[in-house]
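Each chain, letter by letter, is given below.
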Amino acid sequence: MNGLFEAFNAALLPDLSHAQFADMFAQTLVYGFFAARYNHTGAKPFNRDDVAREIPPTSPFLRDFFATINTNLDEEPFIGCVEELAQALATTDMESVLADFGKRTHREDPLTHFYETFLEQYNPELRELRGVYYTPEPVVSYIVRSVDYLLRTRFDCPDGLADISTVARSSPDEQGNIRQQHAPRVLLLDPACGTGTFLYAIVDYIREVYRREGRAGMWSGYVHTHLLPRLSGFELLMAPYAVAHLKLGMQLAALDLAIDERSDWVYDFKTDERLGLYLTNALDQTPGRAKLLPDGFISDEANEATRVKQDYPVMVVLGNPPYSGHSANKGDWIGGLLETYKEGHPELKKPAQAKWLSDDYVKFMRFAQWRIEQTGYGILAFITNHSYLDNPTFKGMRQSLLQSFDDIYVLDLHGNSKKKERGPEDSKDENVFDIQQGVAISIFVKWRRGTASSQMASVFHAHLWGPRETYALPDDRQSRLVGGKYHWLGEHDLSTTCWTRLQPQDPFYLFTPQNIQFLAEYELGWRVPDIFSLNGDPAPGIVTTHDDFAISWTEDEAIKKGEMLLSTSTEDEARRLFRLCAQNQWQYVRAKKELSHDRWRKETVEILYRPFDTRWTVFNRQVAVHRRERVMRHMLAGHNTGITIGKAGQVIDQKEWDIVFCTRFITEFNLYRRGGNFLFPLYLYPDATKATSFDFDRLSSSGDRKANLEPAFIADFATKLGLSWIPDGRGDRQQTFGPEDILAYMYAVFHSCAYRSRYAEFLKIDFPRLPLTSNKALFRELLASGDQLIDLHLLEKPGKALPGYPVKGNNQVQKVEYFTSNGPLRSGGVFINKEQYFAGISRKAWDFRIGGYQICQKWLKDRKGHVLSFDDIQHYRHIVAALEETILLMQKIDDAIESHGGWPLI
C-alpha cells in the first residue's frame with residue numbers, strides 16, 4: 001500500500017495525501033467489485049478473484065493494479081472487509097437491483113450511471129467538490145452530432161467523426177532529434193471524461209454510421225487503425241476511470257449487442273493495445289515527473305498522459321467538466337493560463353473580484369482553449385455552468401474566447417433555480433441536471449488556421465426553456481404531449497438550432513442577447529463608482545467567514561461570544577461552540593493570542609446585516625475576518641451615510657432591479673440575496689484615510705470630513721443645473737446644492753420604477769448609471785422624495801401607516817404567514833404564531849423586495865424561534881410603515897419625471 005501510494009504521488013497526482021489515496025483505493029476497490037459482479041456469468045459463485053479477470057486488456061494499468069492488489073491483499077489487515085464485500089455481492093440479486101435502478105432513474109446503463117448514485121451515498125461532499133454529475137444522453141447526443149456536423153462543413157472532413165485522414169507533425173525522438181510523422185487529423189479528447197459517457201457516444205455514433213452504410217466487415221480494422229489512436233480521455237478520480245475502461249472495453253468488444261449481431265462487430269484487442277484513457281489531471285502540466293520512477297504500470301500511465309497533453313495535435317476537445325467554485329485544482333500552470341482572462345481588467349487581479357474565475361469549469365475551458373491554440377485549429381464543445389455568458393467577472397474570459405475562435409455557438413439551457421428562472425410567459429423551467437446552477441452548451445470553432453485572428457469571433461445564441469422531460473398539457477378535449485428539453489436535444493443539433501447572431505461589445509462582450517434600444521442615452525449617465533471615485537475602487541460588505549461567531553443580536557452577546565472563545569482550551573472545543581472559519585485566513589491560536597488584550601471589547605459596532613436588520617459584530621480581524629477597512633473606516637469615523645448598491649442585477653434575478661439601500665453603519669457582504677452589495681460612503685474622514693492600522697479610539701474622534709464625490713462629476717452636474725456647489729451638507733436648492741442633495745437625487749432616481757424598467761437590460765450586468773437633469777424644478781421634486789426615502793429606510797423618521805399588534809401572547813415567532821381580510825382590518829396581516837399577528841399590512845408591502853429579499857417575510861423568518869421584545873415589535877411596525885410609504889413615493893417619483901417631460905431626463 002505504501003509503495004502504491006508513493007508511486008501515485010510521484011507519477012500521477014502530486015500532493016496526494018494519505019487520506020485521499022485511501023479514499024481513491026477504497027472507491028476503486030468497491031466499484032471494481034461491483035463492475036465485476038455486474039459482468040459475472042456462470043453458475044460458479046462470484047469471488048474476489050473474478051475482479052482481475054473481468055478487466056479488459058484495453059486497460060493494462062487497471063489489469064496490473066487489480067492483479068497487484070489481489071496478489072497482496074491476503075497480507076493486508078483489512079482483508080476481512082474485502083471478503084465481506086465480495087460475499088455480499090455474491091449473494092445479491094443483481095437483476096433486481098439493476099431493474100430497480102433503471103426503473104427509478106430511466107437509465108439503461110447502470111455500470112456507468114450507478115457511479116453517480118454510489119458517490120452520492122458514499123461521499124456527497126466529494127461528489128460536490130469534483131462535480132460528479134451524470135451527463136444526460138440527449139445533451140451528449142446534441143454535442144456529438146454538432147461536432148460531427150462542424151467537422152464535415154468547416155474542416156473538409158467528409159466523414160466527420162469517422163475521419164481517417166492524417167496530418168504531418170514534428171516530434172522529438174528519444175535522442176531529441178526532430179522527426180516528421182503522420183498523425184490522425186481528428187484527434188479527440190475529453191479532459192474530464194468521468195465514466196466515459198462522451199467517448200462512448202462517439203464510438204456509438206461512428207459504429208452507427210458503419211452499420212447504416214453496410215460496412216460491418218470493416219469495423220475491426222477501422223477500430224485498430226483509425227479509431228483507438230484518435231480517442232483520449234483524462235480522469236482524476238480512479239473509480240470512474242475504472243468504469244470508463246470497463247464500459248468502453250465492453251462496447252468495442254460488442255458485448256452490449258444482440259447475440260445474432262455480435263459476430264460482425266466483435267473487436268479482438270491485441271495484447272499490447274490499450275484505450276487512450278489516462279488517470280491524470282488535465283490541469284496539471286508538470287512534465288517528466290514519471291521518468292524518475294522505475295518502469296512500471298504507474299510510470300507508463302503518467303508518461304503516456306503527458307504525451308497526449310503536450311505533444312498530440314488535439315483537434316476536438318469536448319465533454320462536461322466539473323463545476324466547483326471552491327476548486328481543488330490550484331496548480332501554477334493552470335493558474336498562469338488563467339491570467340489571460342484578467343489582462344486589461346486590473347480589478348480582476350484582486351482575489352475577491354476574480355473568485356468565480358477559479359471555478360473548475362473555467363479552468364477546463366481555459367485548458368481546452370490553450371490546447372486548440374497549440375494545434376492551430378479545432379473545436380471546443382462543453383456543457384458548463386452558464387454564469388460565464390453574462391456575469392461581469394467573466395468579461396476578460398469572453399474577450400479572450402472571442403479573440404481565439406472564429407465562431408461561437410451558445411445554447412443556453414437555463415434551469416437556474418438559484419436565480420429562480422422561469423420561461424417565457426412565466427412558464428416552468430427545469431435543469432437538465434439535478435443541480436441548481438443553470439447550464440449552457442457552448443461550441444467554439446477555430447477554422448482559420450493560425451494562432452490568432454485579427455477579428456472577433458461571430459457569436460450565435462439560442463435559448464432552450466421548459467421542463468426537461470416530455471409532459472402532458474391538458475386542453476379542452478384531451479391531453480397533448482409537449483416535448484421537454486431532453487426530447488428537443490435528442491431531435492436537434494447545431495445545424496437545426498434557430499440561432500440569433502449577437503454583437504458583443506466592449507467592455508462586457510456579452511454572450512447573451514441584449515436590447516440596446518436605450519443604450520446610447522443610458523451611457524450618457526455617470527456610472528456610480530465613477531461618482532464615488534475618491535476612495536478608489538468600491539468595496540463589498542465585510543465577510544466574517546463565520547457569522548455564527550462574528551454576528552450577534554446585541555452588543556452584550558458579541559462580547560460574550562468573544563469571551564467564550566477565549567475560555568476554550570482547544571480548537572475542537574471552540575468548533576463545538578461555533579461554526580468557525582475552516583479556511584486558512586483565520587487561525588484559532590492566533591485569534592486567541594490577539595484577543596487576549598481587552599481592547600477588542602471596545603471594537604463592538606453595529607452592522608447592517610440585511611435590509612432594515614441591524615446587528616452587532618466585533619470589528620477586529622480575529623472576529624470579522626475580511627473587514628474592508630479602506631471603506632468601512634469612514635462609516636465608523638463619524639456621522640456618515642452610505643449608499644449600498646449591487647454590481648449586477650442578474651445575480652439577484654428579480655423581475656425588477658432592486659439592489660439599492662442606505663445605511664449609517666458598516667454592511668455585511670450578503671446584505672442582498674446571493675451577496676454582492678458595494679458600499680459608497682458619502683463622506684471621507686482624513687484621519688481614517690491616513691491610518692495605517694485600525695485604531696478604534698482614533699477613528700471615533702475624527703474631525704473634518706470631505707465629500708466622496710469626483711470633482712468632474714460635481715462640475716458636470718453644477719453646469720447642467722446652473723447651481724453653485726457647497727462642499728458639505730445640503731444647499732438651499734435655489735442657488736446652491738451639496739453632497740446630501742446629490743445623494744437624495746440619486747436615491748430618488750434609482751427608486752423610479754420607470755428607470756428600472758427602461759434600463760433593465762443594462763442594470764443586469766453592471767453598476768447603475770445616474771442620468772443628470774438640467775431641470776431645476778424636477779431636481780427639487782426628486783430631492784424632496786429622495787430625502788423622505790432615505791429617512792424612511794434609515795428608520796429615522798417613522799412612516800405613518802403603522803400596523804397594529806392586537807393580541808397578547810408569548811410573542812414567539814413560530815410560523816410566518818400572510819393573510820388577507822375583508823373585515824375591520826385595513827387589508828391583511830401577518831401571523832407569527834397561531835394566536836398573534838401584525839394587523840393592517842397591504843399585500844404590496846408584504847410582497848415588496850429589496851435586494852431580492854421579501855423584507856416583511858425575511859425579517860420575521862430570520863427570527864424564527866425567537867421571542868420578540870417590545871423594541872422588536874415596534875421595529876417591525878416601522879419597517880412595514882416605511883415600505884408602505886416607499887411604494888407611494890416610488891409612484892410619486894415617476895409622476896414627477898413624467899410631468900416634466902418623461903424619459904430620457906434632460
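Residues numbered from 1 in each chain as written. Predicted model: local features only at pLDDT ≥ 70, side-chain atom pairs only at ≥ 80, totals over all residues. Heavy atoms only, no water.

1. So, the overall build of the protein chain
Of regular secondary structure, the protein chain possesses 36 helices and 31 strands. The burial tally for the protein chain puts 56% of its 906 residues in the buried class. Sequence-distant contacts in the protein chain: of pairs separated by 6 or more residues, those separated by 24 or more amount to 73%. When the accessible surface of the protein chain is summed, it comes to about 39600 Å², and 49% of that surface belongs to carbon and sulfur atoms. (Helix = DSSP H or I, 4+ residues; strand = E, 2+ residues; numbered from the N terminus. Buried < 20%, exposed > 50% of the residue type's maximum accessible area, 1.4 Å probe, protein only. Contact = heavy atoms within 4.5 Å. Areas by Shrake-Rupley, 256 points an atom, 1.4 Å probe, with all protein chains shown as cover.)

2. Quick word on the sheet that holds strand β28 (residues 828-831)
The antiparallel open sheet is built from three strands, whose spatial order is β27-β28-β29. The open sheet has two edge strands, β27 (817-820) and β29 (837-839), and neither has a second partner. Each strand axis lies, on average, 20° off the axis of its neighbour in the sheet, ignoring direction. Relative to β29, β28 is paired through three bridges, and the arrangement is antiparallel. Across the sheet, the residue bridging to Val830 is Phe838, located in β29. (Pairing = 2+ DSSP bridges. Axes fitted to C-alpha atoms, helices over the stretch in contact; angles between N-to-C directions.)

3. With respect to the packing of helix α16 (residues 360-375) against helix α17 (residues 395-404)
α17 packs onto α16 with a crossing angle of 20° between their chain directions and a minimal axis gap of 11 Å. Accordingly, the angle class assigned to the pair α16 and α17 is roughly parallel. For α16 against α17, the interelement crossing comes out left-handed. Residue-level inspection shows Val362, Met365, Gln369 and Glu373 of α16 in contact with α17, the latter providing Met397, Ser400, Leu401 and Ser404. Tallied by class, residues from the contact of α16 with α17 come to four nonpolar, three polar and one charged. (Parallel < 35°, antiparallel > 145°, perpendicular 65-115°, else oblique. Left-handed = near helix turned anticlockwise from the far one by under 90°. Nonpolar A, V, L, I, M, F, W, Y, C, P; charged D, E, K, R; others polar.)

4. Some thoughts on the packing of helix α10 (residues 197-212) against helix α11 (residues 219-227)
Two elements in contact, α10 and α11, have axes separated by 12 Å at closest approach and are oriented at 135°. By the angle between their axes, α10 is oblique relative to α11. As for how α10 packs across α11, the hand of that crossing is right-handed. Residue-level contacts link Val203, Ile206, Arg207 and Tyr210 of α10 to Trp219, Tyr222 and Leu227 of α11.

5. Points about the sheet that holds strand β16 (residues 604-610)
The strand order across the open sheet built from three strands is β17-β16-β20, with neighbouring strands paired in mixed fashion. With one partner strand each, in any of the chains shown, β17 (613-618) and β20 (666-667) form the two edges of the open sheet. Bridge count between β16 and β20: two bridges; the pairing is parallel. Across the sheet, the residue bridging to Ile607 is Ile666, located in β20.

6. A closer look at the environment of His634
Its location among the elements puts His634 in helix α25 (residues 629-636). Among the residues examined, His634 registers a relative accessible area of 1% and is labelled buried.

7. Overview of the environment of Thr568
With respect to the helices, strands and loops of the structure, Thr568 is situated in the loop between α22 (555-567) and α23 (571-577). The sequence separation of Thr568 and Lys592 amounts to 24 residues, and the corresponding C-alpha distance is 9.1 Å. Not counting residues up to four positions away in its chain, the partners in contact with Thr568 are Glu573, Ala574, Leu577, Tyr588 and Lys592. There is a polar contact of 2.6 Å between the side chain of Thr568 and the backbone oxygen of Leu565. (Polar contact = N/O pair within 3.5 Å; in protein donor to acceptor, adjacent residues only side chain to side chain.)

8. A short note on the pattern of salt bridges
Taken as a whole and assessed by the stated rule, the structure comprises 38 salt bridges. Put simply, Arg705 and Asp728 hold a salt bridge, and the shortest N to O gap is 2.9 Å. Here Arg705 is found in the loop between α28 (696-700) and β23 (706-707), whereas its partner Asp728 is found in the loop between β24 (724-725) and β25 (736-737), with 23 residues between them in sequence. For Asp728, a relative accessible area of 33% gives the class partly exposed. Three or more residues joined by partner-sharing salt bridges are found here, namely Arg705, Asp728, Arg730, Arg733, Glu740, Asp741 and Asp787. (Salt bridge = Lys/Arg side-chain N within 4 Å of Asp/Glu carboxyl O.)

9. Quick notes on α25
Most of α25 sits inside the fold, with six of its eight residues counted as buried. Considered for burial, the residues of α25 that qualify are Val631, Met632, Arg633, His634, Met635 and Leu636.

10. Details of the confidence of the model for the protein chain
Confidence in the prediction of the protein chain, expressed as mean pLDDT, is 86, and 87% of residues score 70 or more. Predicted confidence is poor over residues 255-260, with pLDDT under 50, and the contacts of this stretch with residues over four places away or in other chains come to nine contacts. (pLDDT = per-residue confidence, 0-100.)

11. A short note on the packing of aromatic side chains
Within this structure, the stated rule accounts for 45 aromatic pairs. On the basis of an interplanar angle of 85° and a centroid distance of 6.1 Å, the ring pair of Tyr388 and Phe511 is categorised as edge-to-face. Of this pair, Tyr388 sits in the loop between β7 (378-385) and α17 while Phe511 sits in the loop between β13 (500-502) and α19 (519-522); the two residues are 123 residues apart in sequence, bridging distant segments of the chain. Ring centres of Trp725 and Phe737 lie 5.3 Å apart, and the angle between their planes is 75°; this geometry places the pair in the edge-to-face category. (Phe/Tyr/Trp six-rings, centres within 6.5 Å; stacked < 30°, edge-to-face > 60°.)

12. Some details on the pairing of strand β19 (residues 660-663)
Judged by which residues are buried, β19 turns out to be covered on both faces: Val660 and Cys662 on one side and Phe661 and Thr663 on the other are all buried. With four bridges connecting them, strand β18 (residues 642-646) and β19 associate as antiparallel partners. Looking at β19, one finds that Ile643 is bridged to Cys662.

13. A look at helix α9 (residues 137-154)
Helix length check: α9, at 18 residues, gives a terminal C-alpha distance of 25 Å against a target of 26 Å (1.5 Å per residue), a fit within 8%. When α9 is considered as a whole, its buried residues turn out to be Pro138, Val139, Val140, Tyr142, Ile143, Val144, Arg145, Ser146, Val147, Asp148, Leu150 and Leu151. The elements touched by buried residues of α9 are α10, β6 (316-319), β7, β8 (407-414), β9 (439-446) and α18 (485-491). Backbone geometry just after α9 places Asp156 at a positive phi near 55°. (Expected span 1.5 Å × (residues − 1).)

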